Amino acid sequence: MRLKTQLNLAFTTLLIIVMGFTAITLYSQLKSLLVTNETRQLEESGQILLTTISGIDEIPVPALDSMLNKLDLSMFLYDEQAEEVTYTNLVKSDAKKLAESHDTAPTRENTIWKDKQNSFVVKSIKIGPEQHMVILRPIRELEEVQQSFFQRILLVFLIGVMIAILISTYLTQRLVRPLTELKYQLKKIQRREFDKIETVKASGEIKEVEQSAIEMAKELNRYITSQRQFFQNASHELKTPLMTIQGYAEGIKDGVFTGKDQENGLEVVVSEINRLKQLINEMILLAKLDSEEGIYKQERVEIKELINQTIDRALPLVSDKNVNLTYNKPSDIVINGDKEKLLRAMMNITSNAIRHANSQVHLSVQPSSIRSVEITISDDGPGISDELLPNMFQRFVKGDGGETGLGLAISRAIVERHNGTIKAGKSEMGGASFTIIL
């Protein structure tokens, strides 16, 4: 069942339930209200009749009959001591049966009398020591009023349902139209027609969903583009050492290289094989970092120990490049993460900084908020060009003196899998600066 139909049914059903409950409640209470109101009117009429007959020894029957006829009332006077109906505009036998079968004494509560055929709303007024005036009105007249009221309620109910259906159809149409348009945009994402995606006129949660869908499309497009570039770059990066290895191997096989040239050729082949092996290992690692969940091991990592191990592993490169490596001693900060992977990310960035530095590399650690720590690695080298800076963490993006172009991509993958962020910029020393927030 379509959403539009479901919403219309829900609105209509809710309205029917609410209006039906209201109608039933009003209908059930209406009779009690009518009886109460009728009792009050009978009492008022009784007082008028009482003034007519009070102080008169003999009841003026014609005048009383005329008055009761105008008031559209039934009435009888009953003497309890004599057990006799002294006057009535009903059939006297019927009045006597009613008096004998019911208590004619006055009461404050609403009184309803029933005989074999009819029911009456009754008001009894005391007019003497043992005499009562009993005024009656057939309850069927009240039932007719009740029935008329119910018919009007039913008419209002039906009109209300039709109006509600029209309003709900209009509202659901406005609600469902953006969802329908959003569905077509999602179909475009499914077909990878990212350049054909259009915005949807919507508000509230639907607009938020649309924004999420657009962001998802952009991220998917970026991912597909990066994968395409990855395979293109990977094929190029792998082809270059393979062609070098193939060229020297065929030259040695065919006797083109002999003696010292042959030894140099073999050294080049070994060097290219090592380079190819490193490239393949880093590609495999990057693929695992992006896809495998079990590759990360959660443990307590002391930032102080992480920095110390980074410094220890970087010392050979520092000595080789004759660079001064300094760092501030961080306070006792502990995070949860994979220590070896974080150390790999730190070494990739630190070794890059050492290779490009003129004379100075500095590691800084400081809390950036209550629940995060900021690690900054800066150097005084030539820095990063403005053209290269936005793509520094893309795969196979290499600056001057870069090796495989995967080191920073691996660092970003590790940091982001730890729910952290990494960014590159210019340092105060004039070179490059990399900031990791964990």
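Residues numbered from 1 in each chain as written. Predicted model: local features only at pLDDT ≥ 70, side-chain atom pairs only at ≥ 80, totals over all residues. Heavy atoms only, no water.

All right, on to the overall build of the protein chain then. Looking only at helices and strands, one finds nine helices and twelve strands in the protein chain. Taking 438 residues into account, the globule formula puts the C-alpha radius of gyration at 22 Å, and the protein chain, at 49 Å, lies well above it. Counting all 438 residues of the protein chain, 37% fall into the buried class. Considering only residue pairs separated by 6 or more positions, the protein chain has 64% of its internal contacts joining residues 24 or more positions apart. For the protein chain, the accessible area works out to roughly 27000 Å², and carbon and sulfur atoms hold 53% of it. Computed over 52 positive and 57 negative side-chain charges, the separation of the two mean positions in the protein chain equals 6 Å. (Helix = DSSP H or I, 4+ residues; strand = E, 2+ residues; numbered from the N terminus. Rg over C-alpha atoms; globule rule 2.2 N^0.38 Å. Buried < 20%, exposed > 50% of the residue type's maximum accessible area, 1.4 Å probe, protein only. Contact = heavy atoms within 4.5 Å. Areas by Shrake-Rupley, 256 points an atom, 1.4 Å probe, with all protein chains shown as cover. Lys, Arg positive; Asp, Glu negative; His and termini not counted. Charge placed at Lys NZ, Arg CZ, Asp CG, Glu CD.)

Moving on, we come to the pairing of strand β10 (residues 372-379). Of all eight residues in β10, seven are buried, a share of seventy percent or more. Sheet topology places strand β9 (residues 360-369) next to β10; eight bridges connect them, and they run antiparallel. Across the sheet, serine 369 pairs through a bridge with serine 372, a residue of β10. (Pairing = 2+ DSSP bridges.)

Every buried residue of helix α3 (residues 92-101) is listed here: Ala95, Leu98 and Ala99. Down the axis of α3, the smallest arc covering the buried residues is 95 degrees, so these residues share one side. What points out from α3, more than 90 degrees from its buried face, is the exposed set Lys97, Glu100 and Ser101. Of the surrounding secondary structure, the elements contacted by the buried residues of α3 are β1 (74-79), β2 (84-88), β3 (111-114), β4 (119-126) and β5 (131-138). (Arc of directions from axis to C-beta.)

Assignment of secondary structure puts histidine 132 in strand β5. You can call histidine 132 buried: its relative accessible area is 5%. Polar contacts involving the side chain of histidine 132 include one to the side chain of glutamate 80, which spans 3.4 Å. Non-local contacts of histidine 132, meaning those with residues more than four positions away in its chain, are made with Phe76, Leu77, Tyr78, Glu80, Thr104, Ala105, Pro106, Ser124, Ile125, Lys126 and Ile127. (Polar contact = N/O pair within 3.5 Å; in protein donor to acceptor, adjacent residues only side chain to side chain.)

A word on the sheet that holds β4. On the basis of which strands lie adjacent, the open sheet formed by five strands has the order β2-β1-β5-β4-β3 and antiparallel pairing. Because the sheet does not close on itself, it has two edges, and the strands there are β2 and β3. Taken pair by pair, the neighbouring strands of this sheet meet at an average axis angle of 35 degrees, ignoring direction. Two elements, β1 and β2, share four bridges in a ladder whose sense is antiparallel. Bridge pairing links aspartate 79 to glutamate 84 in β2. Along the sheet, helix α2 (residues 61-71) contacts β1, β2 and β5; its crossing angle with β2, the most-contacted strand, is approximately 70 degrees. (Axes fitted to C-alpha atoms, helices over the stretch in contact; angles between N-to-C directions.)

Within the fold, valine 156 resides in helix α4 (residues 139-190). Valine 156 gets classed as exposed once you look at its relative accessible area, which sits at 53%. As for valine 156 and methionine 19, which are separated by 137 residues in sequence, their C-alpha atoms are 9.6 Å apart.

Another aspect to go through is the sheet that holds β10. Taken in spatial order, the five strands line up as β7-β9-β10-β12-β11 in an open sheet, and their pairing is mixed. The open sheet has two edge strands, β7 (324-327) and β11 (421-426), and neither has a second partner. When strand polarity is set aside, the average angle formed by the axes of neighbouring strands in this sheet is 15 degrees. Across the sheet, helix α7 (residues 303-321) lies against β7, β9 and β10, angled at about 175 degrees from β7, the strand it touches most. Packing of helix α8 (residues 339-356) onto the sheet brings it into contact with β9, β10, β11 and β12 (432-437), and relative to β10 it is tilted by some 25 degrees.

This next bit is on the pattern of salt bridges. Applying the stated criterion to the full structure yields eight salt bridges. Across the pair arginine 137 and glutamate 38 runs a salt bridge, and its minimum N-O distance is 2.0 Å. A residue pair is termed long-range when its members are at least 10 positions apart, and arginine 137 in strand β5 and glutamate 38 in helix α1 (residues 3-53) qualify at 99 residues. Comparing arginine 137 with glutamate 38, the two get one shared label, buried. The partner of aspartate 332 in a salt bridge is lysine 304, with the nearest N and O atoms 3.1 Å apart. Placement of aspartate 332 in the loop between β7 and β8 (334-337) and of lysine 304 in helix α7 is noted, with a sequence separation of 28 residues between them. Judged by its relative accessible area of 34%, lysine 304 is partly exposed. (Salt bridge = Lys/Arg side-chain N within 4 Å of Asp/Glu carboxyl O.)

Shape is all these values report; function is a separate question.
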